[in-house]
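The chain contents come next:
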Amino acid sequence: MSNPHRVLVVEDELVLAGMVVNYLNRAGFVARAVHTGSEAITLVREWAPDVVVLDLGLPGLDGIEVCRRLRGFSDCYVIMLTARADEEDTLMGLAVGADDYMTKPFSVRELVARVQTQLRRPRSVPTEARRAFGSLVVDPGAREVLLGEAVIELTPTEFDVLETLSAQPDRAFTRRQLIDAIWGEHWVGDDHLVDVHVGNLRKKLGDAASAPRFVTTVRGHGYRMGAG
């Protein structure tokens, strides 16, 4: 890579962290590791990685709190690693802004593929015009969302969900179709990941789940863009 992407691995298991960093470096990334949540926050501010691979079960400042704080100042992609079987922990991580997750034990090669998938997602679409849905405006080129006069702060994945739906407002997408469009056709996991990101998106847009204006549910199928 002429301008290699930066990947920060936040993992308290030193052997695993070293293995992941080694694989990422061999794949052409510039990878570094830290082992605590406070180190992660400091280094994200100083080094500005493109992707953070974040263990959920860190001692002290755990991955949930780290992700929450990162989303206050960074739009890097976050891939969570969790050894916890409790689905609620995974959903909480996604709710505070993680983009993807993997459950331990995992294939390091698969993790590298997930990092590559995140980085293939476009940061901007400069030729696209703004799209208006009532008071909601989606600007793909600027990756900006306006509700009235207010700019709505979305995570990269929340924006990608809204951008995908708004690009084809007459189309009803299944969860799997949204996953293929945003995470890639080879993504493996629970497709209810989409529901979590849609729920977060609706909260930020002030969209009631019972009567949404912007992201509507197509019962038994999936989601489509509403008129606003």
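Our structure's up above, just so we're on the same page.
Residues numbered from 1 in each chain as written. Predicted model: local features only at pLDDT ≥ 70, side-chain atom pairs only at ≥ 80, totals over all residues. Heavy atoms only, no water.

A. Looking closely at the pairing of strand S12 (residues 222-225). Examined bridge by bridge, strand S10 (residues 173-174) and S12 share two bridges and lie antiparallel to one another. When the sheet's bridge partners are listed, threonine 174 is paired in S12 with glycine 222. Counted between consecutive antiparallel strands, the loop separating strand S11 (residues 215-218) from S12 contains three residues, among which glycine 220 sits at a positive phi close to 75°. (Pairing = 2+ DSSP bridges. Helix = DSSP H or I, 4+ residues; strand = E, 2+ residues; numbered from the N terminus.)

B. Just the sheet that holds S12, in detail. Strand order in the open sheet formed by three strands is S10-S12-S11, with antiparallel pairing between adjacent strands. The two strands at the open ends of the sheet, each matched to only one other strand, are S10 and S11. Sheet strands in contact with helix H6 (residues 156-167) are S10, S11 and S12, and its direction is about 70° off that of S12. (Contact = heavy atoms within 4.5 Å. Axes fitted to C-alpha atoms, helices over the stretch in contact; angles between N-to-C directions.)

C. The arrangement of the sheet that holds strand S7 (residues 136-139) in detail. Read from one edge of the open sheet, four strands run S6-S7-S8-S9, paired in antiparallel fashion. Of all strands in the sheet, those bounded by a partner on one side alone are strand S6 (131-133) and strand S9 (150-151). As defined by bridge partners, S6 adjoins S7 across three bridges and the pair is classed as antiparallel. Across the sheet, the residue bridging to alanine 132 is valine 137, located in S7. Relative to the sheet, H6 contacts S6, S7 and strand S8 (144-147), its axis offset from that of S7 by approximately 100°.

D. Structural view of the environment of alanine 31. Among the structural elements, alanine 31 can be located in strand S2 (residues 30-34). Residue classification places alanine 31 among the buried residues on the basis of a relative accessible area of 10%. Along the backbone, alanine 31 and valine 9 are 22 residues apart, and their C-alpha atoms lie at a distance of 7.2 Å. (Buried < 20%, exposed > 50% of the residue type's maximum accessible area, 1.4 Å probe, protein only.)

E. Fine view of the packing of helix H4 (residues 87-95) against helix H8 (residues 193-205). Interaxial distance between H4 and H8 falls to 9 Å at its minimum, and their mutual angle equals 45°. Classified by the interaxial angle, the pair formed by H4 and H8 is oblique. In this structure, the crossing between H4 and H8 has a hand that is right-handed. Packed against H4, whose contacting residues are Leu91, Leu94 and Ala95, the element H8 presents Leu193, Val196, His197 and Asn200 at the interface. Among the residues forming the contact of H4 with H8, the class breakdown is five nonpolar, two polar and no charged. (Parallel < 35°, antiparallel > 145°, perpendicular 65-115°, else oblique. Left-handed = near helix turned anticlockwise from the far one by under 90°. Nonpolar A, V, L, I, M, F, W, Y, C, P; charged D, E, K, R; others polar.)

F. The arrangement of the packing of aromatic side chains in detail. Tallying each qualifying case throughout the model produces two aromatic pairs. A centroid spacing of 6.4 Å and a plane angle of 45° characterise the contact between tryptophan 183 and tryptophan 187, whose relative ring orientation is tilted. For tryptophan 183, a relative accessible area of 2% puts it in the buried group. Taken together, the ring pairs connect Tyr101, Trp183 and Trp187 into an aromatic cluster. Lying over the aromatic face of tyrosine 23, arginine 26 brings its terminal NZ or CZ to 5.1 Å of the ring centre. Positioned above the aromatic ring of tryptophan 47, the side-chain terminus of arginine 32 is 5.1 Å from the ring centre. (Phe/Tyr/Trp six-rings, centres within 6.5 Å; stacked < 30°, edge-to-face > 60°. Lys NZ or Arg CZ within 6 Å of the ring centre and 35° of its normal.)

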